[in-house]
Amino acid sequence: MNALSVKAINASSPYLVQESKEEGFFEFFTVHDVHYSVGFLEDDILMQEEAYQLIIANVNHRSSPRDAKVRDTVIGIVDEFFRMNNTTLLYICETGDGKQSMRSRLFEYWFSSYKRKAYFTMLSSSIVDADGIVNYATIILRNDNPRFAQVLEEYTKSIQLLSQKPE
């Protein structure tokens with residue numbers, strides 16, 4: 001992954017974004033003192049092609065009221081990711097607290113308000129695991145990705161494979 005510019009992120013972000021100690025991660029605080037960490041981890045589970053998982057974490061676990069500045073800050077970080085990298089981005093919703101459906105809908109809403117969304121393809125899928133828990137995975141890639149068709153085919157096959165009940 002090519003390094004992202006904090007200066008470029010802050011040029012469009014309503015919240016001040018700083019690099020985290022963890023490589024590939026950034027952090028910011030909201031007016032409600034919610035501490036967010038946003039970053040990218042290389043994915044080696046869902047995709048064989050070069051792909052990164054987008055991680056969005058509420059570090060201090062404070063209640064986070066609807067705040068359009070959070071959306072705009074996260075979108076600014078994602079926008080810089082795609083400015084510097086023409087690769088695949090995956091957003092897989094965390095399931096530990098049962099709020100994965102809400103997280104998936106919120107992320108889809110955020111992306112729907114993205115000014116440059118016409119340059120990207122986004123597909124969301126739900127996968128029921130062996131324990132009956134519904135998991136959500138979203139793939140985003142630039143429309144000019146040279147491996148566009150292959151990446152979508154691999155994603156679709158991976159989702160189908162993960163959706164099959166183990167025998």
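Keep in mind it's a predicted model, so treat the numbers as computed, not measured.

Enquirer: Before we go on, may I ask you to explain the overall build of the protein in this structure?
Expert: Counting its secondary structure elements, the protein contains four helices and seven strands. Along the protein, helices and strands appear, N-terminal first, in the series α-β-β-β-β-α-β-α-β-β-α. Relative to a compact globule of 167 residues, whose C-alpha radius of gyration would be 15 Å, the protein shows 16 Å and is just as compact. For the protein, the C-alpha atoms occupy an extent of roughly 50 × 35 × 30 Å along the three principal directions. Looking at the 167 residues of the protein, the share that counts as buried comes to 41%. Long-range contacts, defined as pairs at least 24 residues apart, comprise 54% of the intrachain contacts of the protein with a sequence gap of at least 6.

Enquirer: Any chance you could explain the environment of His61 here in plain terms?
Expert: Along the polypeptide, His61 turns up in the loop between β4 (51-58) and α2 (68-84). For the pair His61 and Val17, spaced 44 residues apart in sequence, the C-alpha to C-alpha distance is 18 Å.

Enquirer: Got a minute to help me understand the packing of aromatic side chains in this structure?
Expert: A ring pair, where both rings are aromatic, is described by two values, the distance of the centres and the angle of the planes. Counting across every chain of the model gives 10 aromatic pairs. Their ring planes at 25 degrees and their centres at 5.3 Å tell us that Phe28 and Tyr36 sit as a pair that is stacked. On the accessibility criterion, Phe28 (1% relative accessible area) is buried. Aromatic side chains Phe82 and Phe120 sit 4.8 Å apart centroid to centroid with 55 degrees between the ring planes, which places their arrangement in the tilted category. With Phe82 in helix α2 and Phe120 in strand β6 (residues 120-128), this residue pair connects regions lying 38 residues apart in the sequence. Its relative accessible area of 2% is what places Phe82 among the buried residues. For Phe120, a relative accessible area of 7% gives the class buried. Within the aromatic cluster, the residues linked to one another by ring pairs are Phe40, Tyr52, Phe81, Phe82, Phe111, Tyr114 and Phe120.

Cut-offs and rules
Residues numbered from 1 in each chain as written. Predicted model: local features only at pLDDT ≥ 70, side-chain atom pairs only at ≥ 80, totals over all residues. Heavy atoms only, no water. Helix = DSSP H or I, 4+ residues; strand = E, 2+ residues; numbered from the N terminus. Rg over C-alpha atoms; globule rule 2.2 N^0.38 Å. Buried < 20%, exposed > 50% of the residue type's maximum accessible area, 1.4 Å probe, protein only. Contact = heavy atoms within 4.5 Å. Phe/Tyr/Trp six-rings, centres within 6.5 Å; stacked < 30°, edge-to-face > 60°.

Function cannot be inferred from these measures alone, as they are strictly geometric.
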